[in-house]
Amino acid sequence: MRRPDQGGERPTAEHGPDHTGPVKKGLRQDFDARARAARTDFEAQLRQRKADFGARNEALTARTGRNLPAAIGIALAFAVVMLGTLLIWPPSFMVVAAFLLGVGVYELTSAMRFAGRDVPRIPSVAVAIAIVPAAFLLGQVAALFTLLGGIVLISLWRLIEVALSRQKPSAGDVFRDVTNGLFVQAYISLLGACVVLLSAQSQGNLWVIGFILVVVAVDTGAYATGLNLGKHPMAPRISPKKTWEGFAGSVAASIIVGILVAWLMLGLPWWTGVVLGVLISGSATLGDLTESMIKRDLGIKDISSFLPGHGGLLDRIDSILPSAAVAYVLYLIVNH
């Protein structure tokens, strides 16, 4: 008689009942349920964070008047382009300058026409673009003659439009249109030409970068200080959000950056950085207020909607334009 362990067939898993199928199925169902729950929870958290970010962004936009993330992104993009042209091959900066001045003039003349002031756009933009190569390649005399010739062209263009129109505007309206066209050229083309003239000088590309850094410091210092400490409006009827506390912050920031620019970038004594910072803090603030006065006079909030988070292009270069004239004059004083 054989014992069970001495022969015969042993029971194996193949012949025994299979209880693993339901177990595996249950584990898989549990894993799928957990995965779905985790995914749902993640999506809910993502939606909540997006909603929180949107709410904070809307609150910040309402408080500051701009879409800050979009504004920062566009500012960085412009900074890369300007730095690239000025540092790699300064003559290529003419393309950037022509674009900025041309678009700025187009925006302002369009806003004026929207407000009923018929400033000719085509010759105005053409003069703004033409003054760039004249200033860079031929110098300030050529730039000045280009500007004067352009003003004559714009004035004649408007007079010819009036002569050919069926409904004749009043002499006062025509005079207003002509003087507004002159203002556009003096405000954008003339001041913009100072940037181009400066960039064409020896080490002028560094001066352009340096004074723009100081302008950025002015804007940043005013923004940060005014946002957190601003209580006393500087010019409530012109720019309600601009405060004396913000102005003080802009002066302090511009002096610090001015000293660093003069010392590390331009190789000048530190006190020239103080002068640069003080002068540009004043010119940048004046440029900002001037553009605010223009918009208030025209009855608009932004010159255009060309740049998300910025308004118009002119809204972003309003502080640079008068500061360019200050930097150019200071360069001539220091180097002559």
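Residues numbered from 1 in each chain as written. Predicted model: local features only at pLDDT ≥ 70, side-chain atom pairs only at ≥ 80, totals over all residues. Heavy atoms only, no water.

Asks: How would you summarise the pairing of strand 2 (residues 239-243) if you had to cite specific residues and measurements?
Replies: Here strand 1 (residues 233-235) runs beside strand 2; their pairing, made up of two bridges, is antiparallel. Pairing of P233 across the sheet is with T243, part of strand 2. As consecutive antiparallel partners, strand 1 and strand 2 are separated by three residues. (Pairing = 2+ DSSP bridges. Helix = DSSP H or I, 4+ residues; strand = E, 2+ residues; numbered from the N terminus.)

Asks: Tell me what's going on with empty space enclosed by the protein, and back it up with residues and numbers.
Replies: Under the defined criterion, the tally for this structure stands at one cavity of 30 Å³ or more. What lines the largest cavity is simply W207, A262, L266, L268, T272, L276, L330 and V334. Of all the secondary-structure elements, those providing two or more residues to the lining of the largest cavity are helix 9 (270-298) and helix 11 (320-335). Considered class by class, the residues forming the lining of the largest cavity number seven nonpolar, one polar and no charged. (1 Å grid on protein atoms, 1.4 Å probe; cavity = no way out; pocket = protein on both sides within 12 Å on 5 of 7 lines; lining within 4 Å. Points joined across faces, edges and corners; volume = space filled by probe spheres on them. Nonpolar A, V, L, I, M, F, W, Y, C, P; charged D, E, K, R; others polar.)

Asks: Tell me about the side chain of T272, residues and numbers included.
Replies: Along the chain, T272 falls in helix 9. At 2.5 Å, the side chain of T272 and the backbone oxygen of P269 are in polar contact. (Polar contact = N/O pair within 3.5 Å; in protein donor to acceptor, adjacent residues only side chain to side chain.)

Asks: Got a sec to walk through the packing of aromatic side chains? Specific residues and values, please.
Replies: Applying the stated criterion across every chain yields a total of three aromatic pairs. Ring centres 5.5 Å apart and planes at 10 degrees place the aromatic pair F183 and Y187 in the stacked group. Within this pair, F183 and its partner Y187 are both found in helix 6 (residues 171-199), separated by four residues, close to a single helical turn. According to the relative accessible area criterion, Y187 is buried, its value standing at 7%. A centroid spacing of 6.0 Å and a plane angle of 85 degrees characterise the contact between W244 and F247, whose relative ring orientation is edge-to-face. Here F247 and W244 lie together in helix 8 (residues 244-265), a separation of three residues that amounts to about one turn. (Phe/Tyr/Trp six-rings, centres within 6.5 Å; stacked < 30°, edge-to-face > 60°. Buried < 20%, exposed > 50% of the residue type's maximum accessible area, 1.4 Å probe, protein only.)

Asks: Account for the pattern of salt bridges, naming residues and giving values.
Replies: This model, assessed by the stated rule, comprises nine salt bridges. For R158, the salt bridge is made with D118, and the minimal N-O distance between the two is 3.5 Å. Of this pair, R158 sits in helix 5 (residues 140-164) while D118 sits in the loop between helix 3 (93-114) and helix 4 (121-138); the two residues are 40 residues apart in sequence, bridging distant segments of the chain. Relative accessible area serves as the criterion here: at 28%, D118 is assigned to the partly exposed category. When the shortest N-O distance is used, the salt bridge between E161 and R158 registers 3.1 Å. Note that E161 and R158 are positioned in helix 5 at a spacing of three residues, about one turn of the helix. For E161, a relative accessible area of 29% translates into the label partly exposed. Given a relative accessible area of 8%, R158 falls into the buried group. Put simply, D118, R158, E161, D173, R176 and D177 are held in one network by salt bridges that share partners. (Salt bridge = Lys/Arg side-chain N within 4 Å of Asp/Glu carboxyl O.)

Asks: An account of the packing of helix 3 against helix 6 is requested, with residue identities and associated values reported.
Replies: Between helix 3 and helix 6, whose axes approach to 10 Å, the crossing angle comes to 165 degrees. Accordingly, the angle class assigned to the pair helix 3 and helix 6 is roughly antiparallel. In the packing of helix 3 onto helix 6, the handedness of the crossing is right-handed. Counting all contacts with helix 3, which are made through F93, A97, L101, G104, V105, L108, T109 and M112, the residues of helix 6 involved are N180, F183, V184, Q185, Y187, I188, S189, G192, A193, V195, V196 and S199. Per-class residue counts for the contact of helix 3 with helix 6 are 13 nonpolar, seven polar and no charged. (Axes fitted to C-alpha atoms, helices over the stretch in contact; angles between N-to-C directions. Parallel < 35°, antiparallel > 145°, perpendicular 65-115°, else oblique. Left-handed = near helix turned anticlockwise from the far one by under 90°. Contact = heavy atoms within 4.5 Å.)

Asks: Outline helix 4, listing residues and values.
Replies: Over its 18 residues, helix 4 runs 25 Å from end to end, which matches the ideal 26 Å to within 8%, given 1.5 Å per residue. For helix 4, every residue scored as buried is listed here: P123, S124, V125, V127, A128, I131, V132, A134, A135 and F136. In the stretch just after helix 4, G139 is the one whose phi turns positive, near 100 degrees. (Expected span 1.5 Å × (residues − 1).)

Asks: Account for helix 9, with residues named and values stated.
Replies: When the terminal C-alpha atoms of helix 9 are compared, their 42 Å separation across 29 residues agrees well with the 42 Å that a helix rising 1.5 Å per residue should span. With its phi angle positive at about 75 degrees, G299 sits one or two positions after the end of helix 9.

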